[in-house]
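A closer look at the structure
Okay, here's what each chain looks like letter by letter:
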Amino acid sequence: MFGGKHINVTAVRRKNQEITFLEVPKSDKSWVIKLRRIPLLRGIVSIIDSSAKGSKHLNYSAESYAEDETEPEELAKQKEKEKDKKKDEGWSLGMIFGVAVMGILSFLFGKIIFTLVPVFVEDFLFKNAFDNYILHNLVEGAIKLILLLVYLWAISQTPVVKRLFQYHGAEHKVISAFEAGEELTVQNVQKYSRLHYRCGSSFMMLTIILGVIIYSVVPWDNLMERVLQRIILLPFVIGISFEVLKGTNAVRDIPGLKYLGYPGLWLQLLTTKEPKDDMVEVSIASFNRMRELDAAIEARGYSEASVSGGILDPAKG
């Protein structure tokens, strides 16, 4: 999946080796665009927006896989049923909205759980070990990091997630090759690293590191205060982490300062895997399709009304 100025594109290689695309134009409301310009708030808006849109694209990938594994007769019956359902446009829009809401809720629920579980674990294991709340915060941060690393390592051992992480690495390689001005061929792209400064994995690492610092500014006296503090300050931690992520990317070519982004790059050793050539080929197709559509939209003048239903018809390459 790649996001351009006006459109997000996901490419999927089907069982017959054909590459198909899901093309979703960006049509943010004016108030969302304004929020994206406000420091701290833009980080929260971007993360929530990515969660909602990402769910839609992952859903397309999963449906394509399921479709390829379904017998032709059964697939014909399913398509007939879907055609009848799509006659009701309100239902269709409702389903799209539902997928977006589930993506947002999943992110928020996961983030809160990941924030609070280390609090309870640290309190249970080290409640009476020392009185300094900053030391408790440091131990909490260490527990959070260990849980994250163990979780990522465990899921990366499954075939499906490993393949997903390979495609993640392919996306990074394509972006790096493009930024270096290389022609996007499989051979050229494979020369580049699967790690990239702007990755969401770097964002996860920053929320842990900066969370320890931010939480240490506000003291707490008991477990309830500590839990409430984490929940209240979570949006601030997300906002600050987003700004720092932008900053580390901006200084990545400056000697000495490039090391600021290394913790996030180290985490990407778990969240990305070296892709195969056919995976890189799909990523290149997605990126080129995104650039092609972006250019076409700008040429004719972009507007929400220019896209029927908010989603372009899938094009095949």
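Scroll up to find the structure.
None of these values were measured; they are calculated from a predicted model.

It is worth spelling out the packing of helix 8 (residues 200–217) against helix 10 (residues 262–271) at this point. Taken N-terminus to C-terminus, the directions of helix 8 and helix 10 make an angle of 125°; their axes are 8 Å apart at the nearest point. By the criterion of interaxial angle, the relationship of helix 8 to helix 10 is oblique. Crossing geometry of helix 8 relative to helix 10 is assigned as right-handed. Across the interface between the two elements, Ser-201, Ser-202, Met-204, Met-205 and Ile-209 of helix 8 pack against Pro-263, Gly-264, Leu-265, Leu-267, Gln-268 and Thr-271 of helix 10. A breakdown of the residues in the contact of helix 8 with helix 10 according to their chemical character gives six nonpolar, five polar and no charged.

Here we have three strands laid out as an open sheet, ordered 1-2-3, and antiparallel in their pairing. Looking at the sheet topology across the chains shown, the edges are occupied by strand 1 (2–3) and strand 3 (19–25). Bridge count between strand 1 and strand 2 (residues 7–13): two bridges; the pairing is antiparallel. Bridge pairing in strand 2 places Phe-2 opposite Val-9. The strands touched by helix 11 (residues 277–300) within the sheet are strand 1, strand 2 and strand 3, with strand 2 carrying the most contacts at an inclination of about 150°.

Moving on to the packing of aromatic side chains. Per the counting criterion, the structure on display carries five aromatic pairs. Note on Tyr-259 and Tyr-262: the rings are 4.9 Å apart at their centroids and 70° apart in plane angle, and the pair reads as edge-to-face. A ring pair is formed by Tyr-262 and Trp-266, whose centres lie 6.2 Å apart and whose planes are at 70°; its orientation type is edge-to-face. With Tyr-262 and Trp-266 both in helix 10 and four residues apart, this pair spans about one turn of that helix. The exposed category is assigned to Trp-266, whose relative accessible area is 56%. Through a chain of ring-to-ring contacts, the aromatic side chains of Phe-2, Phe-178 and Phe-287 assemble into a single cluster.

The next subject is empty space enclosed by the protein. Counted under the stated rule, the structure contains three cavities of 30 Å³ or more. One number sums up the size of the largest cavity: a volume of about 60 Å³. Together, Tyr-197, Ser-202, Met-205, Leu-206, Leu-245, Thr-248, Leu-260, Gly-261, Pro-263 and Gly-264 line the largest cavity. Contributions of two or more residues to the lining of the largest cavity are made by helix 8, helix 9 (223–250) and helix 10. Partitioning the lining of the largest cavity into residue classes produces six nonpolar, four polar and no charged. Roughly 40 Å³ of volume is contained in the second largest cavity. Residue assignment for the lining of the second largest cavity shows that the elements contributing at least two residues are helix 4 (89–126), helix 8 and helix 9. For the lining of the second largest cavity, the per-class residue count stands at five nonpolar, two polar and two charged.

Our next topic: the pairing of strand 2. Most of strand 2 sits inside the fold, with seven of its seven residues counted as buried. Of the two faces of strand 2, the one carrying Ile-7, Val-9, Ala-11 and Arg-13 and the one carrying Asn-8, Thr-10 and Val-12 are both buried. Adjacent in sequence and paired antiparallel, strand 1 and strand 2 are bridged by three residues. Direction of pairing for strand 2 relative to strand 3: antiparallel, over a ladder of seven bridges. Its bridge partner lying in strand 3, Val-9 is registered against Glu-23.

Compared with an ideal rise of 1.5 Å per residue, which puts 24 residues at 34 Å, helix 5 (residues 133–156) spans 34 Å between its outermost C-alpha atoms and is within 8% of the ideal. Considered for burial, the residues of helix 5 that qualify are His-136, Asn-137, Val-139, Glu-140, Gly-141, Ile-143, Lys-144, Leu-148, Leu-152 and Ser-156. Of the residues flanking the start of helix 5, the one acting as N-cap is Asn-132, its side-chain oxygen 2.8 Å from the backbone nitrogen of Ile-134.

Among the nonpolar cores identified, the biggest contains 21 residues, and Val-174, Leu-184, Val-189 and Phe-287 are the most heavily contacted of them. For this core, the secondary-structure elements that each account for two or more residues are strand 2, strand 3, helix 6 (159–179) and helix 11. Take this core: its biggest share by element is eight residues, from helix 11. With residues up to four places along the chain from it excluded, the contact list for Val-174 reads Phe-2, Leu-184, Val-189, Ser-283, Ile-284 and Phe-287. Listed in part, the twelve residues of the second largest apolar core include Leu-206, Leu-210, Ile-214 and Val-237.

What counts and how
Residues numbered from 1 in each chain as written. Predicted model: local features only at pLDDT ≥ 70, side-chain atom pairs only at ≥ 80, totals over all residues. Heavy atoms only, no water. Axes fitted to C-alpha atoms, helices over the stretch in contact; angles between N-to-C directions. Helix = DSSP H or I, 4+ residues; strand = E, 2+ residues; numbered from the N terminus. Parallel < 35°, antiparallel > 145°, perpendicular 65-115°, else oblique. Left-handed = near helix turned anticlockwise from the far one by under 90°. Contact = heavy atoms within 4.5 Å. Nonpolar A, V, L, I, M, F, W, Y, C, P; charged D, E, K, R; others polar. Pairing = 2+ DSSP bridges. Phe/Tyr/Trp six-rings, centres within 6.5 Å; stacked < 30°, edge-to-face > 60°. Buried < 20%, exposed > 50% of the residue type's maximum accessible area, 1.4 Å probe, protein only. 1 Å grid on protein atoms, 1.4 Å probe; cavity = no way out; pocket = protein on both sides within 12 Å on 5 of 7 lines; lining within 4 Å. Points joined across faces, edges and corners; volume = space filled by probe spheres on them. Expected span 1.5 Å × (residues − 1). Polar contact = N/O pair within 3.5 Å; in protein donor to acceptor, adjacent residues only side chain to side chain. Core = buried A, V, L, I, M, F, W, Y, C linked by side-chain atoms within 4.5 Å.

Any link to function would need more than the numbers given here.
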